[in-house]
Amino acid sequence: MGYGIKLLVWGEYACFTRPEMKVERVSYDVITPSSARGILEAIHWKPAIRWVIDRIHVVSPIRFENIRRNEVESKASPRKKAIYITEERQQRASLVLKNVEYIIEAHFEMTGKGGAEETPEKHYNIFLRRARQGQCFHRPYFGCREFQVNFELIEENERLYTYENVHPGERDLGFMLLDQTFHVNAKGETKEVIPHFFRAKMVDGVIEIPCLNDREVNR
């Protein structure tokens, strides 16, 4: 295992869309591991490292809220003018999470794609410095770009919980998206995207995240 970190993240709204819902957006009950990884990569990422999510602490109560959002029915393109994007705008209902707060426990592993100067200590200290100062390459978000993430580093000597556990006992969250793997051709073009799912269980507010090569992960 590589160098580990703990990050507190929170926000007003979140939407981690279930892939089985085709038209309307319906969020998972909690943040997905791939979304958690995206938050860490927004703070610090280089080809030399790969973030691995170890566990997720669900700090706040799980609350849903129905909202309506304006969405565009097709992908943005440089060939499209703003007038066409306006004509394609649709209002859709979304079942989103409200007032979310999580603690992400993760570590990074070296990929071997860096030079001799790419040491674990270097990347670990860079992440700590950037997280302490609130720096990020782009603003991390909870599933949708308008649902921005606030974050704060939890230092090694700080306790994870300084308040009462709001999720005592065990809760089965069903199958959840763990991550995706991308198969590319010789030209670097993505030919196939393979999703990986796992059976998420929350025990006393904590979700243990399996590795992609574990038996319990569905491919």
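Positions within a chain are numbered from 1, following the residues in the order the chain's sequence is written. The predicted nature of this model means local features are confined to residues of pLDDT at least 70 and side-chain atom pairs, given and counted, to a pLDDT of 80 or more, with totals for whole chains, interfaces and linings taken over all residues. Water and hydrogen atoms were dropped before computing side-chain values, which therefore reflect all heavy atoms in the structure.

Caption draft 1: Representation of the overall build of the protein chain in the model. Along its length, the protein chain carries three helices and nine strands. Put simply, the protein chain runs from its N terminus to its C terminus through helices and strands in the order β-β-α-β-β-α-β-α-β-β-β-β. Think of it in three bands: with a 1.4 Å probe and only protein chains considered, a residue is buried below 20% of the maximum accessible area for its type, exposed above 50%, and partly exposed in between. Burial status across the protein chain gives 39% buried among its 219 residues. Intrachain contacts of the protein chain at a sequence separation of at least 6 include 71% that bridge at least 24 residues. If you sum the accessible surface of the protein chain, you get close to 13000 Å²; carbon and sulfur atoms cover 48% of it. A run of DSSP states H or I qualifies as a helix once it reaches four residues; a run of E qualifies as a strand once it reaches two. Both are numbered from the N-terminal end. Throughout, a residue-residue contact means that at least one pair of heavy atoms, one from each residue, lies within 4.5 Å. Working definition of accessibility: Shrake-Rupley area with a 1.4 Å probe, residue cover restricted to the visible protein chains.

Caption draft 2: Region of the structure containing the nonpolar core. Of all hydrophobic cores here, the largest spans 48 residues; its most connected members are Ile5, Leu7, Val9, Leu40, Tyr102, Phe142 and Ile207. Of all the elements in the fold, those that place two or more residues in this core are strand S1 (4–14), helix H1 (33–43), strand S3 (49–58), strand S5 (89–110), helix H3 (120–133), strand S6 (150–153), strand S7 (170–184) and strand S8 (190–203). As used in this record, nonpolar core signifies buried Ala, Val, Leu, Ile, Met, Phe, Trp, Tyr and Cys residues forming a set joined through side-chain atoms within 4.5 Å.

Caption draft 3: How the structure looks around the side chain of Glu105. By the element assignment, Glu105 lies in strand S5. Nitrogen and oxygen atoms within 3.5 Å of one another constitute a polar contact, given that in protein one can donate a hydrogen and the other can accept it, and given that sequence-neighbouring residues count only through two side-chain atoms. At a separation of 2.6 Å, a polar atom in the side chain of Glu105 contacts the side chain of His57.

Caption draft 4: Representation of the pattern of salt bridges. Here, a salt bridge means any Lys or Arg side-chain nitrogen found within 4 Å of an Asp or Glu carboxyl oxygen. What the rule picks out here adds up to eleven salt bridges. Among the salt bridges present, the one from Arg37 reaches Glu41, with a minimum N-O distance of 3.0 Å. One end of the pair, Arg37, and the other, Glu41, are both in helix H1, four residues apart, so they sit about a helical turn from each other. A residue is classified by how much of its surface remains accessible, and Glu41, at 25% relative accessible area, is partly exposed. Of the charged contacts, one joins Glu105 and Arg55 as a salt bridge, the two residues approaching to 3.2 Å between their closest N and O atoms. Residue Glu105 is located in strand S5, and its partner Arg55 is located in strand S3; the two are separated by 50 residues in the primary sequence. When its relative accessible area of 26% is taken as the criterion, Arg55 is described as partly exposed. Among the charged side chains, a salt-bridge network with shared partners connects Arg18, Glu20, Asp29 and Arg171.

Caption draft 5: Highlighting H3. A helix's residues, less one, multiplied by 1.5 Å, set its expected span. Taking 1.5 Å of rise per residue, the 14 residues of H3 would be expected to cover 20 Å, and the 20 Å separating its terminal C-alpha atoms lies within 8% of that figure. Among all positions of H3, only His123, Tyr124, Ile126, Phe127, Leu128, Arg130 and Ala131 are buried. Gly134 sits one or two residues past H3 and shows a positive phi near 70°.

Caption draft 6: Highlighting the packing of aromatic side chains. The pairing test for Phe, Tyr and Trp rings, Trp by its six-membered ring, is centres within 6.5 Å, and the orientation test on the planes gives stacked under 30 degrees, edge-to-face over 60, and tilted for anything in between. The final tally for this structure, using the stated rule, is seven aromatic pairs. Consider the rings of Tyr3 and Phe108, whose centres lie 6.0 Å apart with planes at 10°: the pair is stacked. With Tyr3 in the segment before S1 and Phe108 in strand S5, this residue pair connects regions lying 105 residues apart in the sequence. With a relative accessible area of 30%, Tyr3 lands in the partly exposed category. Taking the centre distance of 5.9 Å and the plane angle of 40° together, the rings of Tyr13 and Phe147 count as tilted. Of this pair, Tyr13 sits in strand S1 while Phe147 sits in the loop between H3 and S6, placing them 134 residues apart in sequence. The exposure class of Phe147 is buried, given its relative accessible area of 8%. Grouping aromatic residues by their ring pairs yields a cluster made of Tyr3, Trp51, Phe108, Tyr124 and Phe127. When the NZ atom of lysine or the CZ atom of arginine is within 6 Å of a ring's centre and also within 35 degrees of its normal, the charge is said to sit over that ring. For Arg130, the ring lying beneath its charged end belongs to Phe137, and the centroid distance is 4.3 Å.

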